[in-house]
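Chains, contacts and geometry: an overview
Here is how the chains run, residue by residue.
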Amino acid sequence: MIRWIHDRLVRGHQDERGMVLANVIIFGTVMMLLVATMVAVSTSGAIKSATDRNFQNAMTAAYAGLADYQAKLSNDNGYALYGDANAQFSKTSGSAFTGNDDNTAFTSSGSTWAPVVGSTDQWYRYEVDNSNYSAKGVLRVRVTGKSGGSVRSLVANLKGDGFINYLYFTNYESSNPAISGSSCTTAYQWQSGVANKCQAVQFAGTDVLNGPIRSNDVFTAACSTTFNGSVEQHDATVRPSSGTCGGTFNGGAASAVPYLGLPALNSNMSQETRTDIPSTVPRPGCLYTGPTRVAFLGNGKMTVWSPWSKATQIKVSSGSGAVTASDDTAKAASLCGAVGDLQSANGATIATLPSNLMYVQDVPSAANNVNTWPTGSYPSKYSNTYCTTAVSVKNGSATLTPNQAFSNGQGFPASGEWVNGGKSSSGSTYQTGSASDTYSCTAGDVFVNGGFSGAMTIASSGTIWVTGDVTYVDGTADILGLVGQNAVEVYNPSKCTSYPMTGSWWAGSVTDSSRCNSAGVGLLNRSGGVGITVSAAIASNAGTFWNQNYDIGPQLGVLKVIGSIAQNWRGPVATTGGTGFSKNYVYDQRLLTTAPPKFLQPVSTSYGVTTQIEVQSAYQVDGTCAKTSAGVCR
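Residues numbered from 1 in each chain as written. Predicted model: local features only at pLDDT ≥ 70, side-chain atom pairs only at ≥ 80, totals over all residues. Heavy atoms only, no water.

Here's the deal with the overall build of the protein
Stated precisely, the cut-off is as follows: By the criteria applied, helices consist of DSSP H or I runs no shorter than four residues and strands consist of E runs no shorter than two, each listed in order from the N terminus. Each residue is placed in one exposure class: buried if its accessible area under a 1.4 Å probe, protein chains only, is under 20% of its type's maximum, exposed if it is over 50%, and partly exposed if it falls in between. Should any heavy atoms of two residues lie within 4.5 Å, those residues are considered in contact. Reported accessibility uses the Shrake-Rupley method at a 1.4 Å probe radius. Residues are deemed covered only where the shown protein chains occlude them.
Within the protein, the secondary structure is distributed over six helices and 40 strands. Taking all 634 residues of the protein together, 49% fall into the buried category. Partitioning the contacts of the protein with sequence separation of at least 6, the portion at a separation of at least 24 is 65%. Accessible surface, the protein: about 27,600 Å² in total, of which carbon and sulfur atoms supply 55%.

And the structure:
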């Protein structure tokens, strides 16, 4: 019995020891699982942290690539023609390039990427779409950034920060002395120590500017002048025209900005009519010669009269410089009008140029230029004989007295028009023959009016005369540029109804038709209160935008400009004495993101991002293209 009890106790003790061992094993296993879990969680956190860092750095690298491309554009406006034609984003858009400038960032395949400066783990590459650059001034670029195992891409639209970004831009805030008849010295208003400096043209109290304005000079304004947009100029103070206030600033106080340069000439725009340089001019526009009239018909068409034109698309010999007609004259006639029609009284009725440019040049004098006319010869298919027909610029019959102008073949000057040269020294009479108010029979002048439909630019080596309303048929789709080398001018001719008498004791009194009594000067075809509307992006790189005879006649209505104005000198459109137009300038907001085709470019400009969006990655980490579900490179 005693033996049995002993055996039971020993066995029970051994059983308890087995339970403790099992508990130890279970506890140890749980602890090992907890430690393993903690290690796994810690390791996955480290991996996630690294992945997040690479993900963020990949987009940072993409932004760095975008900044690099913007900088290259700002340093060289021609950089828009550099790229990689094999890049998927470029070749699907129809872009064309002249080279790649040995820029590593243009690489479109393989393991080569451009490094982000200052980083050891970030790279980028970019692809360019310049298919809309000449038509709208817009570049699209797809930038891909890489860091570690992460790749991200973005697409941005870039547009130059030029004149067209402003409702109103001037280099000088004074008038062109050639127009004002002054002997003053052109200088900026903020410059000191300039003798006989030209005075600033001021904004009137009735002027309303609905958009951003900018000047390399400083503005002068009345207290009630209304600025509904930003005001940018040489310094932060708008000068008051009187008193102590210089306008109402609903768009914020004036701010100082850097100089923005206008090109001296717009002749480079004529290059867009050449057919022999397809790499830089893939879609040539139209070249017209001598005084040219354009009537927009409101239905997507226009009638063009250009009697001096012989070739509307050209090629230029690199050796001799000879200018000849393009090889495909039928194609030129289809786009620009048949030469015979352009020289006729009925003109050529054609479609407005599709996203393209019309350039009007002076009649050339070089013997090896196809558009040159032999000395003493004139167009013959038009009823007017041009520079040989005298037109009366006073009431009465045409004469050949010195104040008579010859017709330019387009109806200017009009019959009875008085060519005003400003007041005489006595102030009682007006003289004739002012160069600013006469019409050349061989200059590259354009006379334009009508309802416009389409997208095009008219550029001129002379003056663009706005002879009537120029309005858009569709204000959301139509866009027009007007670029006059010498001026863009509102046609506003004058007349004379009273001439002074002169005489001597031996000849008696006679009418002096070379002058006009001040009381007899008036406007030929406008009456008081009549206004005009111009819808366009307007630029005069060497001249001004102004109202012909702004200081004559009654108070007119409103000059409404819907678009933008850029000019070298400030152009007058009225006087404080009650003549001319009041202004209502409204900025076309579309010009922030687009531009008329082949519009005037600044001497240098920076390029800003107008839109930006992240897209699916264009490349894999190894540099090969990322593909769609259909197996096509994105």
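Resuming the write-up.
A word on the layout of surface pockets
Spelled out, the test is: Any residue with an atom within 4 Å of a point lines the site, the site being either a cavity, points on a 1 Å grid over the protein atoms alone where a 1.4 Å probe fits but cannot get out, or a pocket, an open set with protein on both sides within 12 Å along at least 5 of 7 lines. Grid points are joined across faces, edges and corners, and a volume is the space filled by probe spheres set on the points.
Looking at the largest pocket, its volume works out to about 890 Å³. What lines the largest pocket is a set of 37 residues, among which Tyr133, Ser134, Glu272, Lys598 and Gln601 lie closest to the centre. Secondary-structure elements contributing two or more residues to the lining of the largest pocket are α3 (133–136) and β4 (150–160).

Let's talk about the state of the cysteines
Heads up, the condition is: Note on terminology: disulfide denotes any pair of cysteine sulfur atoms within 2.5 Å.
Here the structure, examined in full by the defined rule, presents four disulfides. For Cys223, the disulfide goes to Cys245, at an S-S distance of 1.6 Å. Looking down the S-S bond of the Cys223 and Cys245 bridge, the torsion is 80 degrees, so its handedness is right-handed. Here Cys245 lies in the loop between β11 (239–240) and β12 (248–249) and Cys223 lies in the loop between β8 (220–221) and β9 (226–227), a separation of 22 residues in the sequence.

Let's talk about the pattern of salt bridges
Convention followed: Between Lys or Arg on one side and Asp or Glu on the other, a salt bridge is scored when a side-chain nitrogen of the former is within 4 Å of a carboxyl oxygen of the latter.
Evaluation of the coordinates by the stated rule reveals 11 salt bridges. The residue Lys72 makes a salt bridge to Asp68 at a minimum N-O spacing of 2.9 Å. Placement of both Lys72 and Asp68 in helix α1 (residues 2–75) is noted, with a separation of four residues, approximately one turn of the helix. Assessed through its relative accessible area of 25%, Lys72 is described here as partly exposed.

Details of the packing of aromatic side chains
Counted only if it meets this: Pairing of aromatic side chains here covers Phe, Tyr and the six-membered ring of Trp, requires ring centres within 6.5 Å, and sorts the geometry by plane angle: under 30 degrees stacked, over 60 edge-to-face, intermediate tilted.
Enumeration according to the criterion identifies 28 aromatic pairs in this entry. Ring plane angle 75 degrees and centroid distance 6.2 Å describe the contact between Trp308 and Tyr378, whose orientation is recorded as edge-to-face. Linking Trp308 in the loop between β16 (301–305) and β17 (314–316) with Tyr378 in the loop between β20 (356–361) and β21 (390–391), this pair joins segments that are 70 residues apart in sequence. Since its relative accessible area comes to 32%, Tyr378 is described here as partly exposed.

Remarks on the sheet that holds strand β3 (residues 138–147)
To keep things clear, this is the line we draw: A pair of strands is treated as paired once DSSP finds two or more bridges between them.
Pairing is antiparallel across the open sheet formed by five strands, whose spatial order is β1-β2-β3-β4-β40. The open sheet is flanked by β1 (114–115) and β40 (607–615), the only strands paired with a single partner. Alignment of strand β2 (residues 123–129) against β3, held across seven bridges, turns out to be antiparallel. Directly across from Tyr126, in β3, lies its bridge partner Val143.

Quick notes on the confidence of the model for the protein
Caution is warranted with low-pLDDT regions, since their predicted coordinates should not be read in detail. Defined as follows: Confidence of the prediction at every residue is given by pLDDT, a number between 0 and 100.
Scored by pLDDT, the protein has a mean of 85; 84% of the residues are at 70 or more. Contacts from residues 39–43, a stretch scored under 50 in pLDDT, to residues over four places away or in other chains number zero contacts. Low pLDDT, under 50, characterises residues 432–436; the stretch is placed with 14 contacts to residues that sit more than four places away or in other chains.

So, the side chain of Ser90
By secondary structure assignment, the location of Ser90 is in helix α2 (residues 88–91). Excluding residues that lie within four positions of it along the chain, Ser90 makes contacts with Asp84, Ser95, Phe97, Glu127 and Val128.

With respect to the pairing of strand β28 (residues 479–484)
Most of β28 sits out of view: six of its six residues are buried. Where burial is concerned, the two faces of β28 agree: the one with Ile479, Gly481 and Val483 and the one with Leu480, Leu482 and Gly484 are both buried. As judged from the six bridges shared by strand β26 (residues 455–460) and β28, these two strands associate in the parallel manner. Following the sheet pairing, Ser460 is matched in β28 by Gly484. As paired strands, β28 and strand β35 (residues 532–540) are joined by three bridges and run parallel to one another.

Some details on the side chain of Arg274
Note the threshold: Polar contacts, as used here, are pairs of N or O atoms within 3.5 Å; protein pairs need one atom able to donate a hydrogen and one able to accept it. Residues neighboring in sequence count only if both atoms are side-chain atoms.
Locating Arg274 in the fold gives a position in the loop between β13 (255–256) and β14 (286–289). Of note is the side chain of Arg274, whose polar atom sits 3.0 Å from the side chain of Asp276. Not counting chain neighbours up to four residues away, the residues in contact with Arg274 comprise Val281, Pro284, Ile314 and Val316.

Quick notes on the environment of Ala367
Its location among the elements puts Ala367 in the loop between β20 and β21. Assessed through its relative accessible area of 80%, Ala367 is described here as exposed. Taking the C-alpha atoms as reference points, Ala367 and Val323, 44 residues apart in sequence, are found 9.5 Å from one another.

Some words on the nonpolar core
As a reminder of what qualifies: Here, nonpolar core refers to any group of buried Ala, Val, Leu, Ile, Met, Phe, Trp, Tyr and Cys residues whose side-chain atoms link them within 4.5 Å.
In terms of nonpolar packing, the biggest core is built from 80 residues, with Phe296, Met358 and Tyr585 touching the most fellow members. A total of six residues in this core trace back to one element, the largest contributor, which is β35. Those residues in contact with Met358 that lie beyond four places of it in its chain are Cys286, Tyr288, Val294, Met302, Val304, Leu353, Met456, Thr457, Ile458 and Ala459.

Digging into the environment of Ser134
When you line up the elements, Ser134 lands in helix α3. The class for Ser134 is partly exposed, based on a relative accessible area of 24%. Note: C-alpha distance between Ser134 and Arg283 (149 residues apart in sequence) is 9.1 Å. When sequence neighbours within four positions are dropped, the list of residues in contact with Ser134 reads Arg283, Pro597 and Lys598.

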